[in-house]
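Okay, here's what each chain looks like letter by letter:
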Amino acid sequence: MSWLRGPRRNELIWAFLFLLPLLWTLGVAFAYAFFRALWWSFCDYDLFASPKFVGLANYAKLFADLHFLKALFHSLSFAVIVTFTQTFLALLLAIALNQKIRGLTFFRAAFYTPSILSSVIVGLIFIWFTYRRGVVNFLLTVARNYYPYFLSFLGLVIVMQSTLVLWGRKRGFPVRAFDPVYLWISLFVGGVGAFFLGHFRLIQPKSMSPVDIIWLETAEKFLGIPRPLWAIMALNIGTTVPTMMLFFLAGLQDVPRELYEVAELDGASWWAKLWYVTIPALRPVMFLVITLGLIGTLQMFDQAAITSGVAPLDSVITLAYYVYWNMFGAGGLPRVGMAAAAAIFLAVLTLVVVLIQRRVGIGEKAW
Amino acid sequence: MTEQRRVDQAWFARRRRAKAAFVYAFLGAMALAVVGPFIYAVFSAFKVNPLEWPPSLNIPRLWPPNWVSAWNLGIQAGNNGWLGGWAPGRALSLDVVFFYPPGVEGDLRVEILRPPGRGTYQPPDPRPVTHVEIENVEEHHGPEGYEKTFRITLRNLGAQTYPVLPLAVVGPPNSRFLRATLAPNSVRGLGTTAYWDNLVSGVLGYIFSYFIQAWTEFRDRLGNPIFPRWVRNSFIIAVGKVMVALLFAPLAGYALARLHFPGRNLLFFLVMFTMMVPQQVTFISNYVLLRDGLFGISRLFGRDSLLNSYWALFLPALVSSLGVIMMKQFFESIPVELEEAARIDGAGIFRIYTRIILPMAKPALAVLAILTFQGSWNEFFWPLVVLRDMEMFTLPIGLLFFRQYYGAAGGANWNLILSGTVISAIPVIIVFVLFQRHFVEGFRLSGIK
Amino acid sequence: MKRLILLVVSVVLAFSAFGQEKIIIRIAGHSVDKPVKEALIRDVVAPKLPPNVEVVFEPVVDDYKQWLLTMLAAGTPPDIFYVDVYWAEEVVKTGRVRALDEFLAKSEILKKEDLIPVLVDAFTVDGKLYAISKDFNSLVVFFNKDMFDAKGVPYPSADDDWFTFWDKVRRVHNPPEWVGICLNPDFARFLPFAFAAGMPFLNPDGTAPFARPEAIAAAEWFSAPIRAGFGATAADLGVGWPGAAFVEEKAAVVIEGGWLIPPIREGAPLMKFGTTFLPTFGGRRGNYLFTVGYGMPVDEILPSKRPDLVWKVIELLTSPEAQSYILSIGHAIPSRAALLSHPVLASPADPFQEAMRTVFIATGLPGTVPFSFAPVGSIYHVAVAEALTKIFTGELSPAAAMQEAAKKLNAELKR
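Predicted model, so just to flag it, every value in this text is computed and none were measured.

Procedures and definitions
- Residues numbered from 1 in each chain as written.
- Chains lettered and ligands numbered in written order.
- Predicted model: local features only at pLDDT ≥ 70, side-chain atom pairs only at ≥ 80, totals over all residues.
- Helix = DSSP H or I, 4+ residues; strand = E, 2+ residues; numbered from the N terminus.
- Buried ≥ 20, exposed ≤ 12 C-beta atoms within 10 Å, placed from the backbone.
- Contact = placed C-beta atoms within 7 Å.
- Rg over C-alpha atoms; globule rule 2.2 N^0.38 Å.
- Nonpolar A, V, L, I, M, F, W, Y, C, P; charged D, E, K, R; others polar.
- Pairing = 2+ DSSP bridges.
- Axes fitted to C-alpha atoms, helices over the stretch in contact; angles between N-to-C directions.
- Parallel < 35°, antiparallel > 145°, perpendicular 65-115°, else oblique.
- Left-handed = near helix turned anticlockwise from the far one by under 90°.
- Core = buried A, V, L, I, M, F, W, Y, C linked by C-beta atoms within 7 Å.
- pLDDT = per-residue confidence, 0-100.
- Domains from an automatic or database assignment.
- Expected span 1.5 Å × (residues − 1).
- Arc of directions from axis to C-beta.

This brings us to the overall build of chain C. Of the regular secondary structure elements, chain C holds 18 helices and 14 strands. In terms of principal-axis extent, the alpha carbons of chain C reach across some 100 × 55 × 35 Å. Put simply, chain C has 415 residues, and 51% of those count as buried. Across chain C, every contact between residues at least 6 apart in sequence was considered, and the portion connecting residues at least 24 apart equals 73%.

Set out below in structure tokens:
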């Protein structure tokens, strides 16, 4: 064992010492835990009597359990819908807002607020907002009651903008349909006009009964997915898109100017620039974001646990929560075998989804 | 044609500025949409009933004239405008205005109520012995009736200081309460009865009454309030985890970055792999591990199970994979020449690590510390699994319990829940505001694998 | 020699201190009871126990019944636990709850005659008593006197029948300021009226009784305020439950139990309100008895291993002194018959004590049944609840909804 002598041996010893905490963690809290869970997934175990080997019975029971199937459906639809919606929304916004922005620190601070707060805090405020007589329904009620104002505003803006654009074009300027300067003027005129129409009672807010949508305390479904889950999806998307947009924005601003200039010399339209320059440049970043997004959303637990006191369990249950529920929630003794089987299933599912995403996903070219 | 082209430069510039204005406006709107709910939640923590419909921004506790009144009442009651308290012998005056429709006669009735107890428990009844004087100070005749202003003077005839003075003022039937020096908590009895939770709370006690309530009201069997315990638990664990992380993560990161040993790449790959496996897989075994006292070791120290203890939150995982990866990446960015030079000078690995590497790692360590603090403070899943005893809860779990206890349909006290939420958000917000740069750095690094 | 004696004496003393090992008796109950229970233990129970015995209240945050079943199955229950009449039979059937008759027979402080009979029956399964009722509640009518005075309507009284009652509610209805009654599609409020109308728990042949004419008539009567517009549900009024609507003066009448008393005391302590019994139908009145008792696990799994000591704690918790304490803080109505002569109940001094007295007497009236659905189980009231919801939203007529409920329950019963 000559290679163990001297400085080499010294380095090995130090490496071992340095790595001790990590080895403990990986060994006990991860590897040992992983294999024990795997073993228990093939057993019937209730934490008190010793585990009894039952082969694949637990996995079979999983697919016969309505709660599991619901959780599976919820997790998959949640993962797909949330990940893709938030990525593409963030991308679109980043492209639309792509320019040098000053005071980015301030915006970043604002956008990061939900990320730094505990999921419990965000969840509690969410529950409070979505109460039947809560802020969300209140805003919807106000919006609905004031629709005459909104319609007249829109009308005025369209009229004003078309007038200005046509006038500008007649004078020979290369005015585009959504010309920003004219648009500001139109918006101002629209706003003032709508205000005065209301002031002189030409239009009035309607007073209709309050919007009474039950967001969480219901089991109703929309397109097959329970409404509480849609609400949680909206919450996730709403809190993730701003920061993701900033991330894409940074990526966009790293795209070398020369690429755009070459495209413009070739006479490319904004759509062509987008498709042939911007998106390919962002491919690797997007791939990363989508992969991480899928992993995170497949394993969603916190929001399900926090809202499970308010929304029906079967409407918000996800795979991760199903595991927890089998251990601590279902009443009676913990069903460790089922929980472990579901957990292993979740891990495998995550892996499969990531592999599929690598194969099929937006990013193959970059790899 | 030449004229138009000259205009074109400035013309395009205006377009660009207008477009930029739209971008900033949109970003501003987004910022408002994201931060707005939290700000509204903070304001609503001061409301009597955050579930009111329609929700309004008319919040008495945030209305400065009420602050002045609370201050004055506090001074009158005991020379303490900040915290109030009704000292023996002191008298305080409150002006109330009632509306009397024609034909309605009668005096006010003033009643000092029992100190409010929460829910089913009523504390014993030490109501102060009081001398009450009601004076009709002014009257305004209006077309529909009289507006009568009364001055109510209350004098403490007892021998002790009372921290709380809950009051009810009742007008005759068909009269209506209009206003008073200090806004009442609620007006009932079809408008005849105005209730005050506490007249002698002082300014701070008045403004922050629900925060104080959330902090002090829920007590354990020895009478100690539980919410501060939750805060303490969260702090101890967060600080502890930061120290543990600062100690262990750089060690592992450095070993992976610069030391040579067989299986180095495999180890690194394993670390990355752990980040993909959900907590749900490993928590079952770790839970049982703790229940059995970590292979029985804890029995040596007299404990059968490590569940429900601080240990449960530190063990069994000692280092976070993210921290290790972050430190590794940072160390790899340090030029190798520095270390090689030190080695030539005869320094050993440990010396190099402590004298050269660590001091250079300060920025990365700062990020690690902040991320660990925030992660620990907000941690939800693992504490939910291992903590059963109410006194051992960390803040997130405690808040969840608050919602069950105070948010149930029966006795909705969402102002307490929101107050608890605000209190638990403060430390993280402070850290964030001070160290924003590092946070963002950390988020960016966590995305890069 | 002296030193030796000193040594021996001190060692003996030390050992005797050891011999007096600490015994901890654990009571597990709902977390909302924490402050009351701990005050009760501190002020009434602990002083009467030997110094080495400590009584600890451990609140349960989750679903209490599930937690208890888990603990009993695992063999790690607390010494004393709550038993809610709603699920008493289910828990007793695990075979791990101790029958208390022998203790009761031997007890000097607590005798069967001391307890209110209907409460004893509530916890008797197969002839044996399994829990001592700690307090109880039933439904009464709460009404706001100011609102009735303002509209010149006579107060609801014990003489009211279903029709005079709704007539009064209709007359006191005063939109938009307040509604006549705040009523939720709650099976626990509806079923007593159905029983009063003559609907049996199950048909003699064991099928669902909901399609019977009495049941449909009760459903029509019960939903009249919502369908005719002189009442509203809690959600319509923007509150979480009818009690909140009452406290916030959005409704003139609600049908609730004694649990409404503390919220009124907290939110509107000077409210002028009254209470009376539920209205009658054909001279018959129905009511539900809600009660929770203290139970013990069987000796084999009793953690403290001292059944006699645990029984003593139960005795102390239900002693006249403890129940008097509870009564005086207005928490709930205690279970000892003798307390009817307690000043609070005998000569009530304020609306709150009057309300407690009404609840107390209402429980003893004929027609009161324990709030339990054994042996059918929760499917019984789930079917009723669904029917009521549909009636209240107008989706189905009372007749159609009740028939649907009967069909649903029959389908479940066949399984």
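That covers the picture; the talk isn't over yet.
Further remarks concern the overall build of chain B. For chain B, the count of helices and strands is 16 helices and 8 strands. For chain B, whose C-alpha radius of gyration is 31 Å, the value lies well above the compact-globule estimate of 22 Å for 449 residues. Out of the 449 residues belonging to chain B, those deemed buried represent 41%. Put simply, of all contacts in chain B between residues at least 6 apart along the chain, 68% involve residues at least 24 apart.

Let's shift gears to the interface of chain A and chain B. Taken together, the 76 residues of chain A in the interface contact 72 residues of chain B. Partitioning the side of chain A that touches chain B into residue classes produces 59 nonpolar, 11 polar and 6 charged.

The next point concerns the sheet that holds strand β8 (residues 193–196) of chain B. All names here are of chain B. Taken together, the 4 strands give an open sheet; going across it, the order is β2-β5-β8-β7, and neighbouring strands pair in antiparallel fashion. Whereas interior strands pair on both sides, the edge strands pair on one side only; in this sheet they are β2 (109–112) and β7 (186–188). Across the sheet, the mean angle separating the axes of adjacent strands is 20° when strand polarity is ignored.

Glancing now at the packing of helix α5 (residues 227–258) of chain B against helix α9 (residues 321–332) of chain B. Helices that pack against each other are described as a pair by the angle of their axes relative to one another and the distance between those axes. All names here are of chain B. The geometry of α5 relative to α9 is characterised by a closest axis approach of 7 Å and an angle of 55° between their N-to-C directions. Considering their axes alone, α5 and α9 lie oblique with respect to each other. Note that α5 runs across α9; the crossing there is right-handed. Contact residues: Ala245, Ala249, Pro250, Ala252, Gly253, Tyr254, Leu256, Ala257 and Arg258 in α5; Gly323, Val324, Met327, Lys328, Phe331 and Glu332 in α9. Partitioning the contact of α5 with α9 into residue classes produces 10 nonpolar, 2 polar and 3 charged.

It is worth spelling out the nonpolar core at this point. In this structure, A:Tyr321, A:Val323, A:Ala342, A:Ala343, B:Ala252, B:Ile284 and B:Leu368 are the most contacted members of the largest nonpolar core, which totals 174 residues. If one sorts the elements of this core by residue count, α5(B) sits on top with 13 residues. Dropping the residues within four chain positions of it, B:Ala252 is found in contact with A:Phe18, A:Leu19, A:Pro21, A:Leu22, B:Val319 and B:Val324. C:Ala88, C:Leu100, C:Ala122 and C:Tyr130 belong to the second largest nonpolar core, which has 129 residues in total.

To continue, consider the confidence of the model for chain C. Residues and elements named next belong to chain C. With 90% of its residues at a pLDDT of at least 70, chain C reaches an overall mean of 84. The element-level mean pLDDT for chain C is lowest in helix α1 (residues 2–19), coming to 56, with strand β7 (residues 140–144) highest at 95. Scored as a whole, the predicted complex attains pTM 0.85, and scored at its interfaces, ipTM 0.87.

Trans is the prevailing form of peptide bonds, just as negative phi is the prevailing case for residues other than glycine. Geometrically, the link from B:Trp53 to B:Pro54 is a cis peptide bond, its omega value of -5° lying close to zero. Phi angles above zero are rare outside glycine, and B:Asn174 is one such case at about 75°. Mapped onto the elements of the fold, B:Asn174 is located in the loop between β5 (167–170) and β6 (176–180). The phi torsion at C:Lys305 lies on the positive side, around 60°, for a residue other than glycine. In this structure, C:Lys305 sits in the loop between β12 (287–295) and α13 (307–317). Of the residues examined, C:Lys305 has 12 C-beta atoms within 10 Å and is grouped as exposed.

Residues and elements named next belong to chain C. Burial within β7 is extensive, with 5 of its 5 residues counted as buried. Two strands pair when backbone bridges link them, and β7 and strand β10 (residues 251–256) are joined in this way by 4 bridges, in the antiparallel orientation. Bridging from a neighbouring strand, Phe143 pairs with Val253 of β10. One ladder, built from 4 bridges, connects β7 with strand β11 (residues 273–276); its direction is antiparallel. The residue bridging Asn144 from the neighbouring strand is Phe273, located in β11.

As a further point, take the sheet that holds strand β3 (residues 130–141) of chain B. Residues and elements named next belong to chain B. An order of β3-β4-β1-β6 is seen for the 4 strands of this open sheet, with the pairing classed as antiparallel. Edge strands, defined here as strands with exactly one partner in the open sheet, are β3 and β6. In this sheet, adjacent strand axes meet at a mean angle of 25° when their direction is disregarded. Here strand β1 (residues 91–100) pairs with β6 via 4 bridges, running antiparallel. Looking at β6, one finds that Val97 is bridged to Arg179.

Okay, the environment of B:Phe38 next. Along the polypeptide, B:Phe38 turns up in helix α1 (residues 2–44). Remark: the alpha-carbon pair of B:Phe38 and B:Ala257, spanning 219 residues in sequence, is separated by 42 Å. Discounting residues that sit within four places of it in the chain, B:Phe38 has contacts with A:Thr113 and A:Ile125.

Attention now moves to the domain arrangement of chain B. Taken domain by domain, chain B consists of domain 1 (64–199) and domain 2 (227–447). Here domain 1 of chain B and domain 2 of chain B have C-alpha centroids that lie 52 Å from each other.

All names here are of chain B. Among the secondary structure elements, Phe402 is positioned in helix α14 (residues 395–406). Sequence spacing of Phe402 and Asn413 is 11 residues, and the spatial spacing of their C-alpha atoms is 9.5 Å. Residues in contact with Phe402, not counting those within four places in the same chain, are Leu416, Ile417 and Gly420.

Within β3(B), only 0 of the 12 residues are buried, which leaves the element largely exposed. Between β3(B) and strand β4 (residues 146–156) of chain B, which pair antiparallel in sequence order, lie 4 residues; one of them, B:Gly145, sits at a positive phi of approximately 160°.

Moving on, we come to the environment of B:Tyr210. Residues and elements named next belong to chain B. Considering the arrangement of structural elements, one finds Tyr210 in helix α4 (residues 209–216). Here Tyr210 falls in the buried class, since 26 other C-beta atoms lie within 10 Å of it. In the structure, Tyr210 is positioned 45 residues away from Leu165 in sequence and 16 Å away in space, judged by C-alpha atoms. Excluding its chain neighbours within four sequence positions, the residues that come into contact with Tyr210 are Ala45, Phe46, Asn415, Leu416 and Ser419.

Residue and element names in this part refer to chain C. When the terminal C-alpha atoms of helix α17 (residues 379–393) are compared, their 21 Å separation across 15 residues agrees well with the 21 Å that a helix rising 1.5 Å per residue should span. Residues of α17 that are buried: Tyr380, His381, Ala383, Val384, Ala387, Leu388, Ile391 and Phe392. Buried residues of α17 fall within an arc of 165° about the axis and therefore sit on the same side. On its buried face, α17 sits against α9 (187–196), α10 (213–228) and α18 (398–414).

The next point concerns the packing of α9(C) against α10(C). Residues and elements named next belong to chain C. Taken N-terminus to C-terminus, the directions of α9 and α10 make an angle of 135°; their axes are 9 Å apart at the nearest point. Accordingly, the angle class assigned to the pair α9 and α10 is oblique. By crossing handedness, the relation of α9 to α10 is classed as right-handed. Within the contact between the two elements, α9 uses Phe190, Phe193 and Ala194 and α10 uses Ala215, Ala218, Trp221 and Phe222. A per-class count over the contact of α9 with α10 returns 7 nonpolar, no polar and no charged.

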